Amino acid sequence: MAEERTARRAPALAYPAGPAEARGLDPASYRDPEIFARERARIFSREWLCIGRVEDVARPGDYASVDIAGEPLVMVRDRDGALHVHSRVCRHRSMILVEGSGNAGNFVCPYHAWTYALDGRLVGAPEMDRSPGFARERCRLPGPRVEIWLGFVFVNFDPEASPLAPRLAPLSGALANWSLADMVTVRSFEFELGWNWKVMCENFIEAYHHLGAHRLSLEPFLPTRLVQVEESKGPYAIVHMGHAKPVGHVPEEARAPTALPDIAALTAGQRGRSSLVHVFPCHLISPEADRMEYYTVFPLAPDRLRVRKHFCVPRAALAEPRTDAAIGELAARHLAYRIEDVAINDGVMKGSGSRYAARGHLSHLERPLWDFRRWWDERMAD
Ligand code: FES
Ligand SMILES: [Fe+2]
């Protein structure tokens, strides 16, 4: 069959030998406040978390507020072009310094007008010259560690954490042909949802559910039978979804996107499929033949999260007159099939509260969930 030529089925990956069966997470881990508090301490306080991309603050003075792991932060480009991520909690009496995004020459606290330079230095503190022990020069906004990986901005609240890029070296190689660092974000959408953050990530990274939840929408174009799971070489998972050649009547929502020119550096194999990447704990990327989509995931509570969906294109595509309309069409289509995932994840959250909910056996196509579960177990263990 035609589609088998573009994406041959890979042999199913075997689960590691040992006493552990390949089962999913305990459903209680989607709802338990104590587990969420432990995740905040063990995972969100220690692991690299994506908060956006460098082009979100492209020009000197650009800033973007972001809240992650309970921390109000601001990402900002200073006058010299350096990118910083600061706490946006005032050093005086903890007022939130700035909200939203925009362009500023400095940050002036709305409470007593202490003023911070874009690089975080306190440069103004009215009426503080009679406060013993206060030295403006020694005061600056603190912040997490920052690392840029392929244009994504990651933060880590653990000063001892090892750098991110070496952990992701094989993944960087696998994504090299997309030149992600040269892409720019052209559309973003934000949603607040009643799900645990792991439910979102697990739903994202497996395409086993195309034959169920997306039977009429995605399955004709991205059929479960053409899904391949790559063996993981680090704290991430990669899944490829071969593109099927449509046969017979194909509903409008299931047609292959015809958006932008393919990225020239991609191999024929890379053009003939869509892929999913989950960088643990919660960075989700979809490299496509002509673009990249990604989610930023902000866990708010055991059963609540904020997600932002972003569409990114090669910088050169900005000059193409049809880019805007094509991305608009893609975004509309995406929002339509997301409704199917919303219903599924809502159902899983409800089901996980049942006394009868259990750790189920996983399919070989859910290998990424198994890899993620072991990664999670290691960090959550005593
Ligand atoms: S709390 Fe910011 S200046 Fe007082
Ligand atoms: Fe889905």
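See above for the structure.
Since the structure is predicted, the reported quantities are computational estimates derived from the model, not experimental observations.

Engineer: Explanation requested: helix H5 (residues 197–205) in the structure shown.
Structural biologist: Quick reminder: α-helices carry 3.6 residues per turn. Residues three or four places apart thus point the same way. Burial runs high along H5: eight of the nine residues are buried. Of all the positions in H5, only Trp197, Lys198, Val199, Met200, Cys201, Glu202, Phe204 and Ile205 are classed as buried.

Engineer: Quick question: what am I supposed to make of the sheet that holds strand S6 (residues 107–108) here?
Structural biologist: Sheet strands pair via backbone hydrogen bonds, and the direction of the pair is either parallel or antiparallel. Read from one edge to the other, the open sheet built from three strands follows the order S6-S7-S8, with strand pairing classed as antiparallel. Among the strands making up the open sheet, the edge pair consists of S6 and strand S8 (122–124). Where strand S7 (residues 115–116) lies against S8, two bridges are found, and the strand directions are antiparallel. Within S8, the position partnered with tyrosine 116 by the bridge is leucine 122.

Engineer: Explain the environment of aspartate 78 here, please?
Structural biologist: As for its placement among the helices and strands, aspartate 78 is situated in the loop between strand S3 (71–77) and strand S4 (83–87). On the neighbour-count criterion, aspartate 78 (18 C-beta atoms within 10 Å) is partly exposed. Residues in contact with aspartate 78, not counting those within four places in the same chain, are Pro60, His84, Leu118 and Asp119.

Engineer: For this particular structure, what's the right way to read the nonpolar core?
Structural biologist: When a protein is soluble and globular, its nonpolar side chains tend to lie buried together. Grouped together as the largest cluster of nonpolar side chains are 90 residues, with contacts concentrated most on Ile51, Met75, Phe154, Met200, Val239 and Val297. The element that contributes the greatest number of residues to this core is H5, accounting for six residues. Residues within four places of methionine 200 in sequence aside, it is in contact with Trp195, Val297, Leu305, Val307 and Asn345.

Engineer: So what exactly am I meant to see when it comes to helix H7 (residues 323–352) here?
Structural biologist: For H7, spanning 30 residues, the distance from its first C-alpha to its last is 41 Å, which sits close to the expected 44 Å at 1.5 Å a residue. Along H7, the helix axis deviates most sharply at arginine 338, where the bend reaches about 25°. Turning to H7, its buried residues number three or more, namely Thr323, Ala326, Ile327, Leu330, Asn345, Met349 and Ser352. Against strand S11 (183–193), H5 and strand S17 (304–314) lie the buried residues of H7.

Engineer: It is not clear to me how the sheet that holds strand S5 (residues 101–103) should be interpreted in this structure. Could you clarify?
Structural biologist: What the four strands build is an open sheet, ordered S4-S3-S2-S5; its pairing is antiparallel. The two strands at the open ends of the sheet, each matched to only one other strand, are S4 and S5. Pairwise comparison of adjacent strand axes, ignoring direction, gives a mean angle of 25° for this sheet. Both strand S2 (residues 62–68) and S3 contribute to a ladder of six bridges, which runs antiparallel. Each residue of the ladder has a partner; that of aspartate 67, found in S3, is proline 72.

Engineer: Please explain the packing of H5 against H7 as it appears in this structure.
Structural biologist: Contact geometry for H5 and H7: axes closest at 10 Å, N-to-C directions at 135°. Between H5 and H7, the angle falls in the class oblique. Where H5 crosses over H7, the handedness of that crossing is right-handed. Each of Val199, Met200 and Asn203 in H5 lies in contact with H7, whose residues at this interface are Asp341, Ile344, Asn345, Val348 and Met349.

What counts as what
- Sequence positions are assigned chain by chain, starting from 1 and proceeding in written order.
- Following the order in which they are written, the chains are lettered starting with A and the ligands numbered starting with 1.
- Side-chain atom pairs in this predicted model are given and counted only at pLDDT of 80 or more, local residue features only at pLDDT of at least 70, and totals for whole chains, interfaces and linings cover all residues.
- Exposure classes come from backbone-placed C-beta atoms, where a residue is buried if 20 or more other C-beta atoms lie within 10 Å of its own, exposed if 12 or fewer do, and partly exposed in between.
- Helix and strand definitions here come from DSSP, where helices need a minimum of 4 consecutive H or I residues and strands a minimum of 2 consecutive E residues; each element is numbered from the N-terminal end.
- Paired strands are those between which DSSP finds at least two bridges.
- Distance between backbone-placed C-beta atoms decides contact: two residues are in contact if it is within 7 Å.
- As used here, a nonpolar core is made of buried Ala, Val, Leu, Ile, Met, Phe, Trp, Tyr and Cys residues. They are joined through C-beta atoms within 7 Å.
- Each helix should span, by expectation, one fewer than its residue count multiplied by 1.5 Å.
- Axes are fitted to the seven residues ending at a residue and to the seven starting at it; the angle between these axes is taken as the bend at that residue.
- For helices, the fitted line uses only the C-alpha atoms of the stretch in contact; every axis is such a line through C-alpha atoms, and the angle between N-to-C directions lies from 0 to 180 degrees.
- What sets the label is the angle itself: under 35 degrees gives roughly parallel, over 145 gives roughly antiparallel, 65 to 115 gives roughly perpendicular, and the rest give oblique.
- Throughout, a crossing is termed right-handed when the near helix is turned clockwise from the far one, and left-handed when it is turned anticlockwise from it by less than a right angle.

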